[in-house]
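# Structural characterization, general
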Amino acid sequence: MKLREVTIMVSSLEESGNRFVETYEKLRKGEKVEKREILSFESPEVMRKMLTKERLRILKVVRAEKPKTIYALAKIVHRPYSNVFKDVKELAEMGLLELGREKGKVEPKAKYDRLKITIPV
């Protein structure tokens, strides 16, 4: 099974737009484009605010333990359900988790096997 990787980077809205335009132009010309999944933040501070220690821990636990519900995840990480729920919701909005829904329950699923974080200096 191929590992799924997302690149997390710090880049301005302009830089992100330029990447999009460059990719679009290559596709329009029929050129081959390397498939990459990217999550971009406008600054290191925003990235740190969104990718907290606890959220990264949740990603790791979801991938390793595969809990069937957010409640089960909260039990595994020994944190209040409401806090875990908020973190899972944020991770899903960022595209780092998928939320499967079955019989009124929400199952967090790991979308990636690896996060590759890039910060320009």
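Here we summarise the structure given alongside this text.

Take unusual backbone geometry next. Phi is positive for Lys 66, which is not a glycine, with a value near 50°. Here the phi dihedral of Lys 103 falls at roughly 55°; this positive angle occurs in a residue that is not glycine. When you line up the elements, Lys 103 lands in the loop between strand S3 (97-102) and strand S4 (105-110).

Counting 23 residues, the largest nonpolar core has Phe 41, Ile 58, Leu 73, Val 84, Met 94 and Leu 96 as the members making the most contacts within it. With residues up to four places along the chain from it excluded, the contact list for Met 94 reads Leu 39, Phe 41, Met 50, Leu 51 and Arg 55.

Moving on: the packing of helix H4 (residues 70-77) against helix H5 (residues 81-94). At a minimum axis separation of 9 Å, H4 and H5 run at an interaxial angle of 115°. The angle between the axes of H4 and H5 places the two elements in the roughly perpendicular class. As H4 runs across H5, the sense of the crossing is right-handed. The segment H4 lies against H5, with Ile 70, Tyr 71, Leu 73, Ala 74 and Val 77 engaging Tyr 81, Val 84, Phe 85 and Val 88. Here the contact of H4 with H5 is built from residues that sort into nine nonpolar, no polar and no charged.

Moving on: the sheet that holds strand S5 (residues 114-118). In spatial order, the strands read S2-S1-S5; together these three strands make up an open sheet with parallel pairing. Taken across any chain shown, the strands that pair with only one partner, and hence form the sheet edges, are strand S2 (38-41) and S5. In this sheet, adjacent strand axes meet at a mean angle of 20° when their direction is disregarded.

Where burial is concerned, most of strand S1 (residues 5-10) is hidden: five out of the six residues are buried. In the sheet, S1 pairs with S5 via five bridges, with the strands oriented parallel. The residue of S5 that forms the bridge with Glu 5 is Arg 114.

With respect to the helices, strands and loops of the structure, Ser 16 is situated in helix H1 (residues 13-28). Sequence separation between Ser 16 and Ser 40 is 24 residues; the distance between their C-alpha atoms is 7.6 Å. Ignoring any residue separated from it by four or fewer positions in sequence, one finds Ser 16 in contact with Ser 11 and Ser 40. Within the structure, the side chain of Ser 16 is placed 3.2 Å from the side chain of Ser 11, a separation counted as a polar contact.

Criteria and cut-off values
- Residues numbered from 1 in each chain as written.
- Predicted model: local features only at pLDDT ≥ 70, side-chain atom pairs only at ≥ 80, totals over all residues.
- Heavy atoms only, no water.
- Helix = DSSP H or I, 4+ residues; strand = E, 2+ residues; numbered from the N terminus.
- Core = buried A, V, L, I, M, F, W, Y, C linked by side-chain atoms within 4.5 Å.
- Buried < 20%, exposed > 50% of the residue type's maximum accessible area, 1.4 Å probe, protein only.
- Contact = heavy atoms within 4.5 Å.
- Axes fitted to C-alpha atoms, helices over the stretch in contact; angles between N-to-C directions.
- Parallel < 35°, antiparallel > 145°, perpendicular 65-115°, else oblique.
- Left-handed = near helix turned anticlockwise from the far one by under 90°.
- Nonpolar A, V, L, I, M, F, W, Y, C, P; charged D, E, K, R; others polar.
- Pairing = 2+ DSSP bridges.
- Polar contact = N/O pair within 3.5 Å; in protein donor to acceptor, adjacent residues only side chain to side chain.

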